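Chain by chain, the residues:
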Amino acid sequence: SAVEYGLDAPFSVEYHDSIPSTNARARDLAAEGESDTVVLADEQTGGRGRLDRDWHSPSGGIWLSVLFRPDVPMAHAPVFTLAAAVAVTRAAREAGVEAGIKWPNDVLVRHGDEERKLVGILTEMEGEADRVSWVVVGIGVNANVDPAELPDEANPTSLSTERGEPLDRRLFTQRLLEEFDALRQDTGRVVEAWREYATTLGKRVRVETPGGPIEGEAVDVQFPGALVIETASGTEVVSAGDCEHLRPV
Ligand code: BTN
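**Re the packing of helix α3 (residues 78–94) against helix α6 (residues 190–197)**
Inference 1: Following both chains from N to C, one finds α3 and α6 inclined at 45°, their axes separated by 9 Å at the closest point. Regarding the angle of α3 to α6, the classification is oblique. Remark: the crossing between α3 and α6 carries left-handed chirality. Residues Val-79, Leu-82, Ala-83, Val-86, Thr-89, Arg-90 and Arg-93 of α3 lie in contact with α6, whose contacting residues are Val-190, Val-191, Ala-193, Trp-194, Glu-196 and Tyr-197.
Inference 2: Grouping the amino acids of the contact of α3 with α6 by side-chain chemistry returns 9 nonpolar, 1 polar and 3 charged.

**Some thoughts on the site of the ligand**
Inference 1: The immediate surroundings of the ligand are formed by 18 residues, with Ser-21, Gln-44, Arg-48, Arg-50 and Lys-117 found nearest.
Inference 2: Thr-22 places a polar side-chain atom, nitrogen or oxygen, 3.1 Å from a nitrogen atom of the ligand.
Inference 3: Within the backbone of Arg-48, one N or O atom sits 2.7 Å away from a nitrogen atom of the ligand.
Inference 4: Relative to its free-state accessible area of 420 Å², the ligand is covered by the protein chains to the extent of 98%.
Inference 5: Contributions of two or more residues to the shell around the ligand are made by α2 (22–31), β3 (62–68), β6 (114–128) and β7 (131–141).
Inference 6: It is β6 that provides the largest number of residues to the shell around the ligand, a total of 4 residues.
Inference 7: Tallied by class, residues from the shell around the ligand come to 5 nonpolar, 10 polar and 3 charged.

**Focus on the sheet that holds strand β10 (residues 226–231)**
Inference 1: Pairing in this open sheet of 5 strands is antiparallel, and the strands run β11-β10-β9-β8-β12 from one edge to the other. Whereas interior strands pair on both sides, the edge strands pair on one side only; in this sheet they are β11 (234–238) and β12 (242–246). The sheet shows a mean angle of 40° between the axes of neighbouring strands, direction not considered.
Inference 2: Where β10 meets β11, 5 bridges bridge the pair, whose relative direction is antiparallel.

How each quantity is defined
Residues take numbers from 1 onward in each chain, read along the sequence in its written order. Since the coordinates come from a predicted model, pLDDT governs what is reported: local features require at least 70, and pairs of side-chain atoms require 80 or more to be given and counted, while whole-chain, interface and lining totals use all residues. As a rule here, side-chain values come from all non-hydrogen atoms in the structure, and water together with hydrogens is ignored. Convention adopted: a line fitted to C-alpha atoms gives each axis, helices being fitted over their contacting stretch, and angles between N-to-C directions are expressed from 0 to 180 degrees. The secondary structure listing takes helices from DSSP runs of H or I that are at least 4 residues long and strands from runs of E that are at least 2 residues long, numbered from the N terminus. By the definition adopted for this analysis, an angle is roughly parallel if under 35 degrees, roughly antiparallel if over 145, roughly perpendicular if from 65 to 115, and oblique otherwise. Working rule for handedness: look at the near helix, and if it is turned counterclockwise from the far one by less than a right angle, call the crossing left-handed; if clockwise, right-handed. Should any heavy atoms of two residues lie within 4.5 Å, those residues are counted as being in contact. Following the grouping adopted for this structure description, the nonpolar residues are Ala, Val, Leu, Ile, Met, Phe, Trp, Tyr, Cys and Pro, the charged ones are Asp, Glu, Lys and Arg, and the polar ones are all others, Gly among them. Throughout this document, a residue counts as near a molecule or strand when at least one of its heavy atoms sits within 4 Å of that molecule or strand. N or O atoms closer than or at 3.5 Å make up a polar contact, with two conditions inside protein: a donor-capable atom paired with an acceptor-capable one, and, for residues adjacent in sequence, both atoms drawn from side chains. Only the protein chains shown count as covering a residue, and every accessible area follows the Shrake-Rupley method with a 1.4 Å probe. Here, a strand pair is defined by DSSP locating no fewer than two bridges between the strands.

Encoded structure:
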């Protein structure tokens, strides 16, 4: 409940026991001229994921969206997605869960040679090329939820499962928002922080891009969030796509 939260965050916080989607609500607040607001829910009934997928959001998760108005060109906005991945990874590690980031923004936990998804991030924005009007960063953390309640395809895990006990959602959310607030104001440091937690670098990857699949070794990430891949025919810099980690050949 809202009482469980009582956050002391660098944002104003709007809490809902149940809402269709915190991202949709944050977009509405953006249209009303709001900024620096977090929409937080215990349960979402119409949560959205990347690539127009559903995002299952049962009670017990941390489903939140941060609305803000950074003074940056549209092309820099992907850095906020990486910033969210870093912030949530740090909060997870402080909670005792060794999370890592799969490019660009899936936060995962390794089990042997399997990777299970802990967090999903969906960033939406509006504005002109030279200046963003608003950004909504939606963060879905499988916190105190049973992965058996979530769809199998995502190969989900949760913080409570990894820890073997429930998590204090207030403390976790507080840390997450503090980290995110610091990083959004210092975007020049985001990529370096991201590299620290990246599980993708050094791996063979296959990325489905709008222009077709690209396969090779992921060697680096560049501001504001592009993946650098060494392929058989040269270096490719990929700014968006669905990434799969391949087994070494
Ligand atoms: C993904 O596909 O990996 C991204 C999932 C993003 C889910 C979060 S939960 C809070 C916010 N509200 C939504 O409807 N989606 C995002």
